[in-house]
Amino acid sequence: MFRHYLKTALRFLRRNKLYTGINALGLSISLAVSFIILLFVINEFSYNHCHKNRKEVYRVINYYKEFKNTMSGTPYVLAKTLKDEFPQVERAVNVRFLRGFKLKLADEYVDVSRAMATGSEVFDIFTLPFIGGTLSQEPLEDMNAIVLSRKLAEQFFSGEDAVGKEMEGFINNTERIFTVSAVYENVPRNSTFQADCMVNRRWTLAPLNETFRVTDIDLRWDFNFWNTWILLSEDGDAASLDSQFAAFGIKHISEEPIFHYSLQNLSDVYLKSADIANTGRTGNLKNIRLFSTVAFLIVLIAAINYIILSVAVSTGRAKEIGIRKTAGASIRRIQNQVLSEAILLTLLVLPLALFFMWLAKPYAEKLFQTSLDIMQSNVGIYISVYLLLTIFIGLASGLYASSYLSRLKVLDVLKQKVSFGGRRKMFRSSLIVIQLLIFCSFVSGTLIIRSQYRYALDKDPGHYNQNILQINLGRGFHGYDAFLNGIRSVPDVVMAAGTMDGLPMNGWMVSMQPHFQNKEVEVKMEGYAVDYQLLETLGIPIQEGRSFSPDYGSDLKRACLLNETAVRELGIENPVGQMLADSTTIIGVVKDFNLHSLHTRIPPLSISMTDKYLHYILVRYRPGTLENLLLKLISEWEKVEPDRPFTSTTIEELFEETYASEKNLGTILSISALFALLIASFGLFGLTLFVARSRTHEIGIKKVFGSSERAIVYSFLQSNFLMVVVAELLSIPVSLYFIGRWLNNFPYRVSIGWWVFAIAFIIATFVVLLTVSIHSIRASRVNPVDALRYE
């Protein structure tokens, strides 16, 4: 039976080469686009699935009640306390990344960016299998022990067993000899827990004790610099443990604790941590939903294409179906035959779709801003999803055609009384309208997103947005004063100054200040720490008072400037000279400027001085001098930090990077619109061809009665033009709703103009009428004698 269906289907596809080619091309393109998006979606949802115990692994997150912020940082002491007090906690460990950690290779130190300080329990919590043996059951217990990933072990001990070997490291600004106690397999890319090497967790204590001038940071509950991970027992209940954290906080922190702990499952860390500060690598659930919707719409267009062409080509199959029914073929058998043709066609184009996907994959990686790797652990999922999607398209596409053709009446077919107009024509028109509706929505969305992107780049941020260079000093930079003086000595430099955070600012310093008119109300303030002349370097205007100056000895410790929003929300009248709750004096008010990006409103801001935590230098330079300036700056850099790489970025590049996701989203939608229109054009091209052929007799009669070629062409174009009008009108509320919701993510946004819908309408009209006119002009030129003889 299957062989019979296969042979019949192949014979039909060979006989209708145009129909097959148009459908195959449309299906292969839509499948390729869908496969790329599904590869991205599957990889995103598979994060942390590489860890076998993921259902029992939890991260402790920390809600800061006063600031209403959730963060991933917790105290050092928390891990041990949880293990000691809760029987359901089998393992608990704290982790913290090391800054400035280096290992010596061939007499030169190599930066290790993902060096982690933690405990040996980490290997029980996460799936990190050892390669070979270990020096002890607790490989991280010794202060001088180091555990390497396979990649690092091969880099430093190529072809040798690294376990037991010594290596020189640079940690906490001192040189140390470490002994490799174990080597573990490289952490899979789809894991949020990433580390290239690990050392004992106690290495993190001394620098923080020194920074905060304490001696017992490992016992205190008010320093949240570590991530805490726990492994619950199989019968452990996370909800039950969560409910005990309130009493736990009262016991260990205070009677009214300012922190509240809760648990987050490892499976949720990647996609459900957007609102958790300092959480590390995260995904974007909104983007996944958006891209999945795009893939669905592209597949829908391809399925509609198949249905349109199947119904159109059925005019030539009616007699075949009638004869087969006369010979005793049942309705079910005919349905199965037509369905098998649809499924066979989609399976035949599967290799072509995979080839297109392979060609497009490098470009897609740039758009998605991630590597679209074929992960070995997901191969079974890829194959299953791709096959199921392919077969589903075949079934969905062939369902209508099989139902329609199988119900043709034998007498009507043999008497040539089969009608392909009326409701069926309306059905075909509705499908084309849906395709055009999707296209018009894509085009409108693309134009609006691109407008928002340009608006974000062009909007005045309240400071200079050209001819500013940002130099990243990194942590532990020791030649700040010498380097800054060297920069200022370069003739092309107009002004330069240091700051704790670069622009756009990603970090946050938050404090609560009482309202000046109502002391019971507190206002959430952000902080920005700068050096002298930073405001002048960025061109931020002073509205009242003065800027920081070394002429005033108190500016470094007890002075601040507020922005206009802070003055307004704090309810301060005549702010200059007044004091905040932290005893700092307001010396001036600056005009509002955008510290972050257009994704957030300008917050109430307090600008203060610092001379310790200056991690960036901003340089304002003369226009057109950047290339020569960089050479001079690198020369000055090498005088103070020859072993550290020089990293700089122009402010234009920083803003483009900040809004890169919006730019890429616009590109993805524009590509989707192109494919949508291309696939729809294939269907319309084939449909017009079949309609023109079926109307040969009608056209011949019209010409006999004096109808002109122009009138005949006009009759074809009129109905298709009406479909474009209907599609565009329907796309307007759809676009307004969905793009309007997207624009709501921006406090500062463009207004949606009528021109975006006009452009979508013009493009759709041009392509549709061009496609239809190709066959309609040819049909209008038919000789009436040949047309009537043909019939």
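Residue indices begin from 1 for each chain and proceed along its sequence in written order. Totals for whole chains, interfaces and linings use every residue, but because this is a predicted model, local features are given only for residues with pLDDT of at least 70 and side-chain atom pairs only at 80 or more, for both listing and counting. Only hydrogens and water are set aside; all other atoms, that is, all heavy atoms of the structure, feed into the side-chain values.

1. What about the side chain of D492?
Among the structural elements, D492 can be located in the loop between α16 (480-488) and β15 (493-499). Any two residues having at least one pair of non-hydrogen atoms within 4.5 Å are treated as being in contact. Excluding anything up to four places from it in sequence, D492 contacts R620, Y621, R622, T625, L629 and K632. Strands are runs of DSSP state E lasting at least two residues, helices are runs of H or I lasting at least four, and both sets are numbered from the N terminus onward.

2. Concerning unusual backbone geometry
Geometrically, the link from L503 to P504 is a cis peptide bond, its omega value of -10° lying close to zero. By the secondary structure assignment, P504 is in the loop between β15 and β16 (510-514). Residue N574 is not a glycine yet carries a positive backbone phi of 50°. Within the fold, N574 resides in the loop between α19 (564-570) and β20 (585-590).

3. A short note on helix α3 (residues 78-85)
The complete set of buried residues in α3 reads L78, A79, T81 and L82. Here the buried residues of α3 occupy an arc of 165° about the axis, which is enough to place them on one side. In α3, those exposed residues whose orientation departs by more than 90 degrees from the buried face are K80 and D84. In this structure, the buried residues of α3 make contact with β1 (57-64), β3 (89-97), β11 (227-232), α8 (245-252) and β12 (259-265). Burial classification: accessible surface area is computed with a 1.4 Å probe over protein chains only, and a residue below 20% of its type maximum counts as buried, one above 50% as exposed, and the rest as partly exposed. The arc in question is traced by the directions running from the helix axis to the C-beta atoms.

4. Let's talk about the packing of α3 against α8
The contact between α3 and α8 brings their axes to 13 Å, and the two run at 115°. As for how α3 packs across α8, the hand of that crossing is right-handed. Along the contact surface, α3 presents L78, T81, L82 and E85, while α8 presents F245, F248, K251 and H252. The nonpolar class holds Ala, Val, Leu, Ile, Met, Phe, Trp, Tyr, Cys and Pro. Asp, Glu, Lys and Arg form the charged class, and all remaining residues, Gly among them, are polar. For the contact of α3 with α8, the residue count by class is four nonpolar, two polar and two charged. Note on definitions: angles span 0 to 180 degrees between N-to-C directions of axes, and those axes are lines fitted to C-alpha atoms, for helices only across the stretch in contact. The sense of a crossing depends on the near helix, which, turned anticlockwise from the far helix by less than a right angle, makes the crossing left-handed and, turned clockwise, makes it right-handed.

5. Concerning the environment of Q513
Topologically, Q513 is positioned in strand β16. The sequence separation of Q513 and V523 amounts to 10 residues, and the corresponding C-alpha distance is 5.2 Å. In this structure Q513 touches V521, E522, V523, M525, L570, L580, A581 and D582, once residues within four positions along its chain are discounted.

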